[in-house]
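Take a look at the letters that make up each chain.
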2 protein chains.
Amino acid sequence: MSKPGKAVKAHTLKPRLPRGLVDRGPAEIAATHRMLEAIRESFELYGFEAVETPFIEYTEALGKFLPDLDRPNEGVFSFQDEDEAWLSLRYDLTAPLARYVAEHFDALPKPYRSYRAGYVFRNEKPGPGRFRQFMQFDADIVGAGSVAADAEICMMAADTLERVGIARGDYVVKVNNRKVLDGAMEAIGLGGDAEAGRRLTVLRAIDKLDRLGADGVRLLLGAGRRDESGDFTRGAGLPDEAVERILRYVSFQAAPTDGGDRLAFWESFFGGWGDVVGGSETGRQGIAELHAIMRLCEAAGYGHDRIRADPSVVRGLEYYTGPVYEAELTFPVTNEEGQTVRFGSVAGGGRYDGLVGRFRAEPVPATGFSVGVSRLFSALQLVSSPIVTGSAARGPVVVLVLDREEIASYQALVAALRQAGIRAEPYLGASGMKAQMKYADRRGAPCVVIQGSDERASGTVQIKDLIEGARAADAIASNAEWKATRPAQFSVPVAEMVARVREVLARHDGA
Amino acid sequence: MSKPGKAVKAHTLKPRLPRGLVDRGPAEIAATHRMLEAIRESFELYGFEAVETPFIEYTEALGKFLPDLDRPNEGVFSFQDEDEAWLSLRYDLTAPLARYVAEHFDALPKPYRSYRAGYVFRNEKPGPGRFRQFMQFDADIVGAGSVAADAEICMMAADTLERVGIARGDYVVKVNNRKVLDGAMEAIGLGGDAEAGRRLTVLRAIDKLDRLGADGVRLLLGAGRRDESGDFTRGAGLPDEAVERILRYVSFQAAPTDGGDRLAFWESFFGGWGDVVGGSETGRQGIAELHAIMRLCEAAGYGHDRIRADPSVVRGLEYYTGPVYEAELTFPVTNEEGQTVRFGSVAGGGRYDGLVGRFRAEPVPATGFSVGVSRLFSALQLVSSPIVTGSAARGPVVVLVLDREEIASYQALVAALRQAGIRAEPYLGASGMKAQMKYADRRGAPCVVIQGSDERASGTVQIKDLIEGARAADAIASNAEWKATRPAQFSVPVAEMVARVREVLARHDGA
């Protein structure tokens, strides 16, 4: 047993976490659990089934598809196995799924619809709001090349957001197509493997449209841009004509107006895109796919207030090959600089027809999306979704321990409560009655059970209803009055303890 | 879109996992989830609350307490941060809890009862049945120095096993005390820091009693032992008298007989132990603590058929300072060599009064235990616990897609089902009707919805009950008869589809 008051040690470790990692307490765990269950129900309704892969994979099996890699270890936590093979912590849930499907290809039903939730890890430069461990909740359809699969994913994204408590009108699922982007690149002479680097620079520039506006993106597509701090970012060096063509493309925005003939709307909307991709076959195919997705969504009743084409959606990960999606929350929040901005993206994904094919002789089409669990959780707190604001779990009944020699008899009281299915515990610390009552308060105990020597002699216990007691305390003026009346505290024979505690719990049910 | 039939690639990656890591499918995930929920309910009944810590910690915060370290990286996956600090994947859930409690000490109620489930990682030599990622489910009481806390943990271990489906009599919670072991060492002259290495050798020898018997342990305590393969393990080199004293100690076994005066039984049982620890004060204190735990358990109705003192329990982790426990399943299984053995340990733990104190000026008493989730899961499968054998989830209703041009109208049928809360999906692959029916079977679909051009023209769908159909198929002799009767398939107007599918689902509820 420990002896408090022992000599102070000369040297102690500092208890702390590396940056970008956090602990979670019971309220957040319970609320997150409810949110994950709602997402799971939504995915199951769409016919998806669960799968789980480990946190560690061969580095080469995961591949390197992360955006914005400017550090030597490229965003991934890696270490060597005893046979010198490189292993990595997964950085998303898509690359491991591709490995899983390839490994179990013949045993899986195809198309294979699966979902999985889990932590992923990024070896990021630590900074405020950048986490190195965060949770994703993914759903994917592997083995379906049809754009109907992409449309399903977009509809499911919309349904899932509504199910967790985001109101219609507070979100939009934006859809674009990498093929259109590729076509636009081809049309300005950036096709082929040799231009892969410049294409990436162009994509990153488009990705910043929200933040920098058209003028900022214009600089990044051309010679480059100097930001407020004086840092210079080199641009893609495109000629003016090409810059304007790209800007024309990203400016096609489908205004979220309702009514009218929606199919006709999309017809005219995409009519303007052909010019951007010029003669590129890939580009034209991309526009046709995007148009087909919009038609399917409209037919299923998902109008462009919920799902709409948006050419500014790029998605950072390199493995996308077709439609890409992003679910954005549109309600306003105040950012770190005090500006009012949209909440922004909480989920995204796209088609990655090449990823499973890395492991197999034949290509395997696949599409899916990923919910950023922590981002969505923050959003639900902002809109006070009942899913995350639900009442905290009630604490246990605390049996005070007034006489430590009699611990066995206190434990017997606790055992009786537990056998009746009532959450209960004896106080096991070394402090006196006052501290024990304070402990019961901090634990959120609905009531305490008290047995001093008098009660023990008479075979009774005192039950003190802490919830009722707190209410009564507010109404009582003086300490003397309190002591005289002792509201919400009563004496019962031990044999009746369980029944009377049950009554107290029932009285406060839902409180 | 992908083009199946493309030229075979010259080189492909092999899809595989590093050894000691596994994937899990939907049935195992659902069954494990049910088991974890049952454990959580048990822990909550005892007043414990949830906490979650990240997978990565500073290496020095975790410390190095793993048993049997004979590899250079000492059992832990580690990597360097960008500021060169060493980080590690957690190897258990106790060391991170100690860091958490130390970091949030003033904000936590004390005693602090917490539980947490999660994966831990060991950089083990891979081998059959050795996992490098496995789940633990822990419960700990921090801030309670009293043996009543240890007794609570042992009782909760027993209750938890019964709650998940292990019958009384099929398990036993064995308790020992490191202080008794330390006392026994002192008594044979192995006290003090200089003898730490030899003490470890002695502990490991005792730990092998189950496997090697008294004769094997005798050799390991003395000069050493040569096993069947010819490998020689050096012994602790104790003199004969010391060897016999240790063997006398580990041979004190409390036979699990019932009836009689149990408190008197323990009185006489521990009476024989004093000789082993000789004059060691620590040893005598350890015996007194163990005796107190047994009295508390007996008083709460947990007899020595469920919880009993056992001197052969050692526990591998180095941080234990007092009582140690091990929950063992006693029913027979056949091991790899075809021998009948007990199933063995599924949970264990003990008191670790020094672990939180590494971070603080004052010592902080703590005790807890850890359930090996995978081990327990295997055990539940062996005893066919209803918790893991529960029926698999039913698959979705599959809407066949016979005419891919009409995908929007199939998707509308699916949307109607989903809006009614019925799990449903359109078939999104490229295959024909026969393959689609096979797909529905593999997914465990209760029924399929079929709409060809005739049905579309007449505003109807065919509903085919696959469960009833399979039953009927067993009863029908010829293919011709089948085609004539088409059992379990019927035509309904589209407007009635949802109601009729619901009838099919209700008919097979619980099937």
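In the nomenclature of an unreviewed UniProt entry, chain A corresponds to Histidine--tRNA ligase from the organism Methylobacterium crusticola. What the UniProt record of chain A gives under Sequence similarities (unreviewed entry) is the line "Belongs to the class-II aminoacyl-tRNA synthetase family." Quoted verbatim from the Subcellular location (unreviewed entry) heading of the UniProt record, the comment on chain A is "Cytoplasm".

Moving on: the overall build of chain A. Of the regular secondary structure elements, chain A holds 19 helices and 18 strands. In summary, chain A has a C-alpha radius of gyration of 30 Å against a globular reference of 24 Å for 511 residues, an excess of more than 25%. Reported as C-alpha extents along the three principal axes, the dimensions of chain A are approximately 95 × 60 × 55 Å. Taken over 511 residues, chain A has a buried fraction of 42%. Within chain A, counting contacts between residues at least 6 apart in sequence, those at least 24 apart form 70% of the total.

Moving on, we come to the packing of helix H5 (residues 178-187) of chain B against helix H11 (residues 281-299) of chain B. Residue and element names in this part refer to chain B. Closest axis-to-axis distance for the H5/H11 pair is 7 Å, and the angle between their directions is 150°. The angle between H5 and H11 falls in the class roughly antiparallel. Note on packing geometry: the crossing formed by H5 with H11 is left-handed. Side by side, H5 and H11 meet where Lys179, Val180, Asp182, Gly183, Ala184, Glu186 and Ala187 of the first sit next to Thr282, Gly283, Arg284, Gln285, Gly286, Ile287, Glu289 and Leu290 of the second. The class makeup of the residues in the contact of H5 with H11 is 5 nonpolar, 5 polar and 5 charged.

On to the relation of the copies chain A and chain B. Placing chain A over chain B gives an RMSD of 0.1 Å and needs a rotation angle of 180°, together with 0.0 Å of translation along the axis. What the superposition gives is, in effect, a two-fold axis relating one chain to the other. Residue A:Phe79, judged by its C-alpha, is the member of chain A lying nearest the rotation axis, at 3.2 Å. When the interface residues of chain A are mapped onto chain B, 100% of them again fall at the interface, so both copies present the same face.

A few words now on the interface of chain A and chain B. With 87 residues of chain A at the interface, the matching set in chain B holds 88 residues. Looking at which element gives the most residues to the side of chain A that touches chain B, the answer is helix H14 (residues 407-419) of chain A, with 6 residues. Grouping the constituent residues of the side of chain A that touches chain B by class yields 49 nonpolar, 13 polar and 25 charged.

All names here are of chain B. Taken together, 5 strands build an open sheet; the order of strands is S15-S14-S16-S17-S18 and the sheet is mixed. This sheet does not close on itself; its edge strands, each paired only once, are strand S15 (424-426) and strand S18 (489-493). Averaged over all neighbouring strand pairs, the angle between strand axes comes to 25°, with direction disregarded. In this structure, strand S14 (residues 397-399) lies alongside S15, joined through 3 bridges in parallel fashion. The partner of Val399 across the bridge, within S15, is Pro426. Where helix H17 (residues 466-475) meets the sheet, its contacts fall on strand S16 (447-450) and strand S17 (460-465), and the angle it forms with S17 comes to roughly 55°.

Residue and element names in this part refer to chain A. With respect to burial, strand S6 (residues 133-142) is a largely interior element, 7 of its 10 residues being buried. In this structure, strand S5 (residues 112-121) lies alongside S6, joined through 10 bridges in antiparallel fashion. Residue pairing in the sheet places Tyr119 in a bridge with Met135 of S6. Looking at chain direction, S6 and strand S13 (residues 366-372) are connected through 7 bridges and run antiparallel. For Asp138, the partnering residue across the bridge sits in S13 and is Ser370.

In this section: helix H7 (residues 209-221) of chain B. All names here are of chain B. The end-to-end C-alpha distance of H7, which contains 13 residues, comes to just 11 Å, noticeably less than the 18 Å that a straight helix rising 1.5 Å per residue would cover. A bend of about 75° at Asp215 is the largest found in H7. Listed as buried for H7 are Val217, Leu220 and Leu221. Those residues of H7 that are buried are in contact with helix H6 (196-207), strand S8 (224-226), strand S9 (232-234) and helix H8 (240-250).

All names here are of chain A. Taken in spatial order, the 5 strands make up an open sheet running S15-S14-S16-S17-S18, and their pairing is mixed. Each edge of the open sheet is held by one strand with a lone partner, namely strand S15 (424-426) and strand S18 (489-493). Each strand of the sheet is rotated relative to its neighbour by a mean of 25°, with strand direction disregarded. This element, H14, spans strand S14 (397-399), S15, strand S16 (447-450) and strand S17 (460-465) of the sheet and lies at about 175° to S15.

Conventions adopted
- Residues numbered from 1 in each chain as written.
- Chains lettered and ligands numbered in written order.
- Predicted model: local features only at pLDDT ≥ 70, side-chain atom pairs only at ≥ 80, totals over all residues.
- UniProt positions renumbered as here; feature names shortened; annotations may be inferred.
- Helix = DSSP H or I, 4+ residues; strand = E, 2+ residues; numbered from the N terminus.
- Rg over C-alpha atoms; globule rule 2.2 N^0.38 Å.
- Buried ≥ 20, exposed ≤ 12 C-beta atoms within 10 Å, placed from the backbone.
- Contact = placed C-beta atoms within 7 Å.
- Axes fitted to C-alpha atoms, helices over the stretch in contact; angles between N-to-C directions.
- Parallel < 35°, antiparallel > 145°, perpendicular 65-115°, else oblique.
- Left-handed = near helix turned anticlockwise from the far one by under 90°.
- Nonpolar A, V, L, I, M, F, W, Y, C, P; charged D, E, K, R; others polar.
- Least-squares fit on C-alpha atoms with pLDDT ≥ 70 in both.
- Pairing = 2+ DSSP bridges.
- Expected span 1.5 Å × (residues − 1).
- Bend = angle between axes of the 7 residues up to and from the residue.

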